[in-house]
Amino acid sequence: MKSLLDERHLVSSFYVFFLICTNIIGIGIMSFQRDITKDAGYDAWISIILSSISIHILVWMIYRILGIANNDVIHVHKFYFGKWIGGLFNIFVIFYFLILALIVFRVYIEVVQVWLFPLMKTWQISLILLVLVYYIVSGGFRVITGMCFWGSIIPFIILFPLNFFSLEFANFHNLLPVFNHSVKEIVSSSKAMLFQYVGFETLFMFYPFIKNPDRSQKWAHIGLLFSSLLYLIIALITFVFFSEGYLNQTIWPTLTQMKIAKFPLIERVEFIVVSIWLLLILPNISVKIWAGCRAIKKVINVKQRISLFIVLVLFFIIANVLKERSQIERLNEMYSNIAFYFVYLYIPFLFLYIHIKHKITK
């Protein structure tokens, strides 16, 4: 399938693996265990598998939608819903990606303040991060993809093995009995797990930037499978390390269990963890901001650098307004509900609508 863009702006289909992984594995992997166990207890590992299967189906739907249009979701909305209704959908898409980037951005600032620099002001950390994000996003999609590549490889090689140090104190009886929660509780836990997968929808925007996009679908599914296995392994390690009562009182279980690792000359391992995690957080935020700014450019024809600067200024202001953790959690909860309906209702609706209309037109 021929792309509508100049080939110098495109990336190989193989890189979709890293784009998907980076968008899914973000700040949530530090705290997702507590959220998914509220309803299903330590049967929550089932929720991870169920959520992963549902996301695989949705990724397949997205490829079918974009394959017909051979363009991004902005074009799809305009072409199939018209100027006004399609325009409203596109405005929603802009806010959808930018708010998600804002949540990741603000939560990481909180982690830095709690674990590294308690006396450092929010505006200082946010200014440093936003300068880095501006540098990455203004470099274009290929630069962002390169950051996604290294942001996936380096943290995985260095940080993932640290989780296994806690197995020395594991109690595998925590996982028993299995299947002792109702279907309703498992489904509720799966809904909580959905927020960790949110971000794969950026595929709607970067699809036209992939060489031979129809061949990249396998890499998207492999990336999703890899991310799901990572979540599953970390969750199981957490479950056998923490008691359920203690886990409910722990804000960042993954960081806490990584502290078990001991190395010569390194007293505070969490300093290394939070610092290296920045390599994953930066491309995670950058892809979402790029998607939002790309949508703004196509909707209201504003240069991407101008919209990027305005968005980053707004991020700086809002990040400093959100001072309390309760405010961040309320924003998380609100966005999680919106994401649930967008992912599980709107994507299937768009899939059915476009296929029916395409067949009728044909």
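Everything numeric here is computed off the predicted structure, so don't read it as measured data.

Asks: What am I meant to see in the packing of aromatic side chains here?
Replies: For the coordinates displayed, the defined rule picks out 42 aromatic pairs. Taking 5.8 Å as the distance between ring centres and 65° as the angle between the ring planes, the aromatic pair formed by Phe-14 and Tyr-15 counts as edge-to-face. With relative accessibility at 34%, the residue Phe-14 sits in the partly exposed group. In this structure Tyr-15 comes out as partly exposed when scored by relative accessible area, which is 30%. Considering the side-chain rings of Tyr-42 and Phe-239, the 4.5 Å spacing of their centres and the 15° angle between planes classify their relative orientation as stacked. Separated by 197 residues along the polypeptide, Tyr-42 in the loop between helix H2 (32-40) and helix H3 (44-69) and Phe-239 in helix H9 (residues 217-241) bring together distant segments of the chain. For Phe-239, a relative accessible area of 0% corresponds to the buried category. Through a chain of ring-to-ring contacts, the aromatic side chains of Phe-14, Tyr-15, Phe-17, Phe-18, Phe-149, Trp-150, Phe-156, Phe-160, Phe-164, Trp-219 and Phe-226 assemble into a single cluster. Over the ring of Phe-340 we find Lys-191, and its NZ or CZ is 4.9 Å from the ring centre.

Asks: Is there a simple way to explain the pattern of salt bridges in this structure?
Replies: Proximity of charged atoms lets side chains of opposite charge pair with each other. Under the defined criterion, the tally for this structure stands at one salt bridge. Lys-298 is the partner of Asp-72 in a salt bridge, and the nearest nitrogen-oxygen pair spans 3.0 Å. Pair noted here: Asp-72 is in the loop between H3 and helix H4 (73-115) and Lys-298 is in helix H12 (residues 269-300), with a separation of 226 residues, a long-range link. Look at Asp-72 and you get buried, because its relative accessible area is 0%. According to the relative accessible area criterion, Lys-298 is partly exposed, its value standing at 26%.

Asks: I keep staring at the environment of Val-240 and nothing clicks. Help me out?
Replies: Mapped onto the secondary structure, Val-240 falls in helix H9. Taking the C-alpha atoms as reference points, Val-240 and Ser-216, separated by 24 residues in sequence, lie 37 Å from one another. Leave out the neighbours within four places in its chain, and Val-240 touches Leu-167, Phe-169, Ala-170, Asn-171, Phe-172, Asn-174 and Leu-175.

Asks: Please explain H12 as it appears in this structure.
Replies: Given 3.6 residues per helical turn, the α-helix brings residues three or four places apart onto the same face. In this model, H12 (32 residues) spans 47 Å end to end at C-alpha, consistent with the 46 Å of a helix rising 1.5 Å per residue. Its axis deflected by about 35° at Leu-279, H12 carries its strongest bend there, up to four residues before the proline Pro-283. The buried fraction of H12 amounts to 23 of the 32 residues, a majority that puts the element mostly inside the structure. Positive phi shows up at Asn-301, right after H12, with a value of about 55°.

Asks: Quick question: what am I supposed to make of a nonpolar patch on the surface here?
Replies: A contiguous nonpolar surface patch, about 780 Å² in accessible area, is contributed by Tyr-134, Ile-306, Phe-309, Ile-310, Val-313, Leu-314, Ile-317, Ile-318 and Val-321. Residue contributions to the nonpolar patch peak at eight residues, all from helix H13 (residues 304-321). Mapped onto the secondary structure, Leu-314 falls in helix H13.

Asks: In this structure, what is going on with helix H5 (residues 122-138)? I would like to understand it.
Replies: Across its 17 residues, H5 extends 24 Å between first and last C-alpha, which sits within 8% of the 24 Å expected from 1.5 Å per residue. Those residues of H5 that fall on the buried side of the exposure criterion are Thr-122, Ile-125, Ser-126, Leu-129, Leu-130, Val-133, Ile-136 and Val-137. Each buried residue of H5 lies within a common arc of 125° when the element is viewed along its axis, so the set occupies one face. For H5, the exposed residues set more than 90 degrees away from the buried face come down to Val-131 and Tyr-135. Each element contacted by the buried residues of H5 is listed here: H4, helix H6 (141-159), H12 and H13. Positive backbone phi, at 100°, marks Gly-140, one or two positions downstream of H5.

Asks: Looking at this structure, I do not really get the packing of helix H7 (residues 183-197) against helix H14 (residues 325-361). What am I missing?
Replies: Packed helix pairs are specified by the crossing angle of their axes together with the interaxial distance, meaning the distance between the axes. Between H7 and H14, the shortest axis-to-axis distance is 9 Å and the interhelical angle comes to 95°. When the axes of H7 and H14 are compared, the pair comes out roughly perpendicular. Taken together, the residues of H14 that come into contact with H7 (itself represented by Lys-191, Leu-194 and Phe-195) are Asn-332, Tyr-335, Ser-336, Asn-337, Ala-339, Phe-340, Val-343 and Tyr-344. Taken together, the residues of the contact of H7 with H14 sort by class into seven nonpolar, three polar and one charged.

Asks: What should I look at first to understand the state of the cysteines in this one?
Replies: Two cysteines, two sulfur atoms, one covalent bond between them: this is a disulfide. Inspection of every chain in the model, using the stated rule, returns zero disulfides. Unpaired in this structure, Cys-148 has its nearest cysteine sulfur neighbour in Cys-21, at a distance of 9.7 Å. Looking at the unpaired Cys-293, the closest cysteine sulfur is the one in Cys-148, lying at 15 Å. On the basis of relative accessibility, which here comes to 0%, the residue Cys-293 falls in the buried class.

Asks: In this structure, what is going on with the environment of Ala-295? I would like to understand it.
Replies: Tracing the backbone shows Ala-295 in helix H12. Linking Ala-295 and Asp-72, residues 223 residues apart in sequence, is a C-alpha distance of 9.3 Å. The residues contacting Ala-295, other than those within four sequence positions of it, are Ile-74, Ile-94 and Met-205.

Asks: Mind showing me how you'd approach the packing of H6 against H12 here?
Replies: The interhelical angle for the contact between H6 and H12, taken along N-to-C directions, is 150°, at an axis separation of 9 Å. In this view, H6 runs roughly antiparallel relative to H12, as classed from their interaxial angle. Here H6 and H12 pass one another in a crossing that is left-handed. Taken together, the residues of H12 that come into contact with H6 (itself represented by Phe-141, Ile-144, Met-147, Cys-148, Gly-151, Ile-154, Pro-155, Ile-158 and Leu-159) are Val-273, Ile-276, Trp-277, Leu-279, Leu-280, Pro-283, Ser-286, Val-287 and Trp-290. Of the residues assigned to the contact of H6 with H12, the class counts are 16 nonpolar, two polar and no charged.

Criteria and cut-off values
- Residues numbered from 1 in each chain as written.
- Predicted model: local features only at pLDDT ≥ 70, side-chain atom pairs only at ≥ 80, totals over all residues.
- Heavy atoms only, no water.
- Phe/Tyr/Trp six-rings, centres within 6.5 Å; stacked < 30°, edge-to-face > 60°.
- Buried < 20%, exposed > 50% of the residue type's maximum accessible area, 1.4 Å probe, protein only.
- Helix = DSSP H or I, 4+ residues; strand = E, 2+ residues; numbered from the N terminus.
- Lys NZ or Arg CZ within 6 Å of the ring centre and 35° of its normal.
- Salt bridge = Lys/Arg side-chain N within 4 Å of Asp/Glu carboxyl O.
- Contact = heavy atoms within 4.5 Å.
- Expected span 1.5 Å × (residues − 1).
- Bend = angle between axes of the 7 residues up to and from the residue.
- Patch = residues over 30% accessible without salt bridge, like charges linked within 9 Å, V, L, I, M, F, W, Y side chains within 5 Å.
- Areas by Shrake-Rupley, 256 points an atom, 1.4 Å probe, with all protein chains shown as cover.
- Arc of directions from axis to C-beta.
- Axes fitted to C-alpha atoms, helices over the stretch in contact; angles between N-to-C directions.
- Parallel < 35°, antiparallel > 145°, perpendicular 65-115°, else oblique.
- Nonpolar A, V, L, I, M, F, W, Y, C, P; charged D, E, K, R; others polar.
- Disulfide = S-S within 2.5 Å.
- Left-handed = near helix turned anticlockwise from the far one by under 90°.

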